[in-house]
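The primary structure of each chain is shown beneath.
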There are 2 protein chains.
Amino acid sequence: MEQQLIDYVKKMKHYDEALSVLYWDMRTGAPKKGLEQRANVIGTLASQSFQMATADELGDMLTQLEAKLDELPYVTKRLVEELRKDYDLNKKIPVAEYEQFTIDKSRSEAAWEEAKEQADFSIFAPHLEKMVAWKKKFIGYWGEKNGSAYNTLLDQYEPDMTTDILDDVFAQVRSVISPLVQQIVAKGQQPNTDMLFQHFQKDGQRQVAIEILQRLGYDFDAGRLDETVHPFMIELNRNDIRVTTKYDEADFRSAIFGVIHECGHALYEQNIDESLTGLPLCTGTSMGIHESQSLFYENFIGRNEQFWTHNFSLLQQYSPAQFGDVAVDDFLKAINFAKPSLIRIEADELTYVLHIIVRYELERDLFNGTLEVADLPGRWNDLYEQYLGIRPANDAEGVLQDMHWSDGSFGYFPSYALGYMYAAQWKHAMDKDIPNFDELCLSGNLTPIREWLTERVHRHGALKKPFELLHEGTGEGLNPTYLTTYLRDKYTKLYDL
Amino acid sequence: MEQQLIDYVKKMKHYDEALSVLYWDMRTGAPKKGLEQRANVIGTLASQSFQMATADELGDMLTQLEAKLDELPYVTKRLVEELRKDYDLNKKIPVAEYEQFTIDKSRSEAAWEEAKEQADFSIFAPHLEKMVAWKKKFIGYWGEKNGSAYNTLLDQYEPDMTTDILDDVFAQVRSVISPLVQQIVAKGQQPNTDMLFQHFQKDGQRQVAIEILQRLGYDFDAGRLDETVHPFMIELNRNDIRVTTKYDEADFRSAIFGVIHECGHALYEQNIDESLTGLPLCTGTSMGIHESQSLFYENFIGRNEQFWTHNFSLLQQYSPAQFGDVAVDDFLKAINFAKPSLIRIEADELTYVLHIIVRYELERDLFNGTLEVADLPGRWNDLYEQYLGIRPANDAEGVLQDMHWSDGSFGYFPSYALGYMYAAQWKHAMDKDIPNFDELCLSGNLTPIREWLTERVHRHGALKKPFELLHEGTGEGLNPTYLTTYLRDKYTKLYDL
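Residues numbered from 1 in each chain as written. Chains lettered and ligands numbered in written order. Predicted model: local features only at pLDDT ≥ 70, side-chain atom pairs only at ≥ 80, totals over all residues. Heavy atoms only, no water.

Student: Tell me about the side chain of H261(A), and name the residues and values.
Tutor: Residue and element names in this part refer to chain A. Here H261 lies in helix α10 (residues 253–270). Separated by 2.6 Å, the side chains of H261 and E298 make a polar contact. If near-sequence neighbours (up to four positions away) are discounted, H261 is found in contact with E291, S294, L295 and E298. (Helix = DSSP H or I, 4+ residues; strand = E, 2+ residues; numbered from the N terminus. Polar contact = N/O pair within 3.5 Å; in protein donor to acceptor, adjacent residues only side chain to side chain. Contact = heavy atoms within 4.5 Å.)

What follows is the structure, encoded as structure tokens:
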């Protein structure tokens, strides 16, 4: 029975890989005229995959194995648990309702796009109401997890996460970051960032990106780098983990820091233990833990002084007019500048989490019944004013800026903030084992750092749940003080506060 | 029932497209470590596709529609005919035998590789004997077509083709080309080809390739160009027709002429009538007709004097040191040089067909029982000496050079030669409608040429069988004199014979 289940889910993963290749291809240069027919291909394969994921045959195997769960080898036990979670998620919703949801969702996505373009929330509002209503209805089928409707959604992205935990850690984070941001604004001095925005040829950026990926330990025999519009990392199989990036010749940061970020995701997937190959457990364990790996690389390595002391010559080599006369020190100040802004995806390391806290509080209140969709824009603007000290002039740069709510992805946003906190917590734990972190960055030998993360995080894939991983890897539960301490120390020094 | 069949086969095509994307990806840079798992993905999808292709459900639909074949719309009628052909091919072989064949085939492929490397036919001989025996056995199941075993195989690549026809046309072709080649050798004067082999940067070659594809009318919104080791064109769907090429910095011809060749294949697929979208009829009608399109572009456009008079500046722009001081006239002589050689894939326009005739005669005799595998190498060498005037020094440059026989693809080779003859026949018919062909090439306006081919060939897809297409498009059956006249005129002039 165990082997039968394993064979079954491996076959399911074959469809997933095929679908992922189709998706990757569509986003890295598939010709546009072919996309209409391509959508049909994806429809056929996705439907086959969904049939396998909801088949009674699978349900029966799970039920039989659950009857002797504690006798099973650990891997099989976890496999059964994870499969049961997905199976119920898919199976508990009546098919007709799910189909109607899918239709409403695609209308909602279209309405959101139009609303954003016209900066008119009223176009999107009725669709958003439907999305909230659908998710509330689904929660009715799934059941409330950890005592509230919103916790059910949180659990889907970050197992066992709750509003109690988030309310607590976000309050701590906000109490440190908001004043820091105010101090920076009050001081009124920003570093010179002109050198960031000079022309940097695409081909040169690509060479730098490839070189940096290699220096970070990305294995090009088990991956590749391609160009896209909205960058992503994608797992096709354990030995085929691809990264993508976007080249902006007027701002090289989108490619270089984007690649460092995606590399963090990719290193996670490339270093999962080989024994999990082909199983659904062969992937990151949660959105938040995944984001902790990308943010670890983006912030703790990609913005590290010694890392750039070692690597700055790469930028000088490929864009000499831009960087030839720049001192590393000035470059570091420029890439670490912080200031309150309205758009999440353009936010800096210091203020980013505040953007997430705004969204979290609004989602939480929408689902726990204390906020109506109609009141969202006003509340959004008030919170931005309160936490960041600035107020959107219209809804396009306010409540309409992100697409997540248009497709019903409520509960996803907190993962980004968790990634920041987890990353700082890994860094703190790592410092005990690797006290010469900065020296390693300076020498270019990042192997011990990557190996530490592989040992504590990567290799386990989804075998361990987030809190288990964190406890075993850092000796404690989620602790936001490592993030706040890091940010306070760093920005106090940078801005001489 | 008609609609039911159409829905069924469209779904089959979805699996084909997914498999084609996987295949394209594997040949254009998929990371090598991921290929082992990828093979399993392909296995799962191919098996699903094969199940659909051999399902009783499909057989029943075909039987029901065949009962009223003449009442069906023409497209459905042809669809049923083509599906029946494939269905029987797949279904008539007992599954266990086909599985054993597949195993023997992969052993045979491996043995061929080793035999070629060691230039030792004896390593390959027992496997080749098995491949021949399997195909003879399969022909037993399929039935002899047009009176002989080998004709059954020919029909699979080129419907209705027979050894009677090929014996006749090949004799005519050989009677002209062999003496021409001897005259060139006897004359002993070859053009200077040094400029062909100078260093041409890959990036520049890619730019030239893209520009030439555009000038030939290739639609980049319905296709893309990628790099590979063994170039090919691949149809994913009617609006996604991709070409690939290989860049050799020491011989730009492999990329540029390769791209012109693949473009001919691609234009065929890009210009099939929209009404055939998603059907199995939405593809070229035979290997030979397909090759006629690639060879039309490669030889009648890509080696045309006026074409290069118009386009030579492109080469000069991207490789000025190589071509800056070269006269177009000298370039044309160089790219049209001809001399007998041993390796088919390196052969020139004049001698290529002789390589095919050798292979054809050997295959024909193997299957009609007048030649044993053991006698192949000797007969191969004798025929090369007789037709081309040169003799291989060993079997690696002789009978072991091509992989086709190792996987049982007997009957395929003649398609290449048919492509040459068909192409010349299209050109002859086109000359009546487009007497200013050379002027169009000189002016760079290739649209009327492409549109003529679309009208007579492309748009029909597989709706018409090869001979029907040829008859309707040129007013007569296969006539090899257009090829022989063209070659005689061209090479007599080039070599001043």
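Student: Could you give an account of the sheet that holds strand β1 (residues 225–227) of chain A, naming the residues involved and the relevant values?
Tutor: Where strands meet in a sheet, backbone hydrogen bonds hold them as pairs that are either parallel or antiparallel. Residue and element names in this part refer to chain A. Overall, mixed pairing links the three strands, which are arranged β1-β3-β2 in an open sheet. Pairing within the sheet leaves two strands with one partner each, and these edge strands are β1 and β2 (233–237). The average undirected angle you get between the axes of adjacent strands in this sheet is 30°. Bridge analysis of β1 against strand β3 (residues 240–245) gives three bridges, and the strand direction is parallel. Within the sheet, the bridge partner assigned to E227 lies in β3 and is T245. (Pairing = 2+ DSSP bridges. Axes fitted to C-alpha atoms, helices over the stretch in contact; angles between N-to-C directions.)

Student: Provide a residue-level description of the packing of aromatic side chains, including the pertinent values.
Tutor: Residue and element names in this part refer to chain B. The tally for this structure, following the rule as stated, stands at 76 aromatic pairs over all chains. Ring centres 6.3 Å apart and planes at 85° place the aromatic pair F296 and F437 in the edge-to-face group. With a gap of 141 residues between them, F296 in helix α11 (residues 287–301) and F437 in helix α18 (residues 437–443) connect regions that are remote in the sequence. The exposure class of F437 is buried, given its relative accessible area of 2%. Over the face of the ring belonging to Y247 we find R206, whose NZ or CZ atom lies 5.6 Å from the ring centre. Sitting over the ring of Y416, R344 keeps its end group 5.0 Å from the ring centre. (Phe/Tyr/Trp six-rings, centres within 6.5 Å; stacked < 30°, edge-to-face > 60°. Buried < 20%, exposed > 50% of the residue type's maximum accessible area, 1.4 Å probe, protein only. Lys NZ or Arg CZ within 6 Å of the ring centre and 35° of its normal.)

Student: Explain the pairing of β3(A) residue by residue, including any values.
Tutor: Within a regular strand, the side chains alternate between the two sheet faces. Residue and element names in this part refer to chain A. Counting buried positions along β3 yields six of six residues, so the element is predominantly enclosed. In β3, alternate side chains face the same way, and those of D240, R242 and T244 on one face and I241, V243 and T245 on the other are all buried. Pairing analysis gives four bridges linking β2 to β3, with the strands arranged antiparallel. By the bridge assignment, I234 is partnered in β3 with R242. Connecting the antiparallel pair β2 and β3 is a turn made up of two residues.

Student: How would you sum up the UniProt feature "binding site: Zn(2+)" (unreviewed entry) in chain A? Please name residues and give values.
Tutor: All names here are of chain A. Under the UniProt annotation, "binding site: Zn(2+)" (unreviewed entry) lies at H261, H265 and E291. Look at the named residues: they lie 31 residues apart in sequence, but the longest C-alpha span between them is just 8.8 Å, so in the fold they bunch up. Owing to a relative accessible area of 13%, H261 belongs among the buried residues under this scheme. Turning to its location among the elements, E291 is positioned in helix α11 (residues 287–301). With a relative accessible area of 11%, E291 lands in the buried category. (UniProt positions renumbered as here; feature names shortened; annotations may be inferred.)

Student: Please give an account of the nonpolar core that cites residues and values.
Tutor: Within the largest apolar cluster, 127 residues are counted, with the highest numbers of intra-cluster contacts made by F296(B), W308(B), F331(B), W426(B) and I449(B). Apart from residues no more than four positions distant in its own chain, F296(B) is found in contact with I301(B), A423(B), W426(B), K427(B), M430(B), F437(B), I449(B) and L453(B). F124(A), F257(A), F296(A) and L470(A) belong to the second-largest nonpolar core, a separate cluster that totals 126 residues. (Core = buried A, V, L, I, M, F, W, Y, C linked by side-chain atoms within 4.5 Å.)

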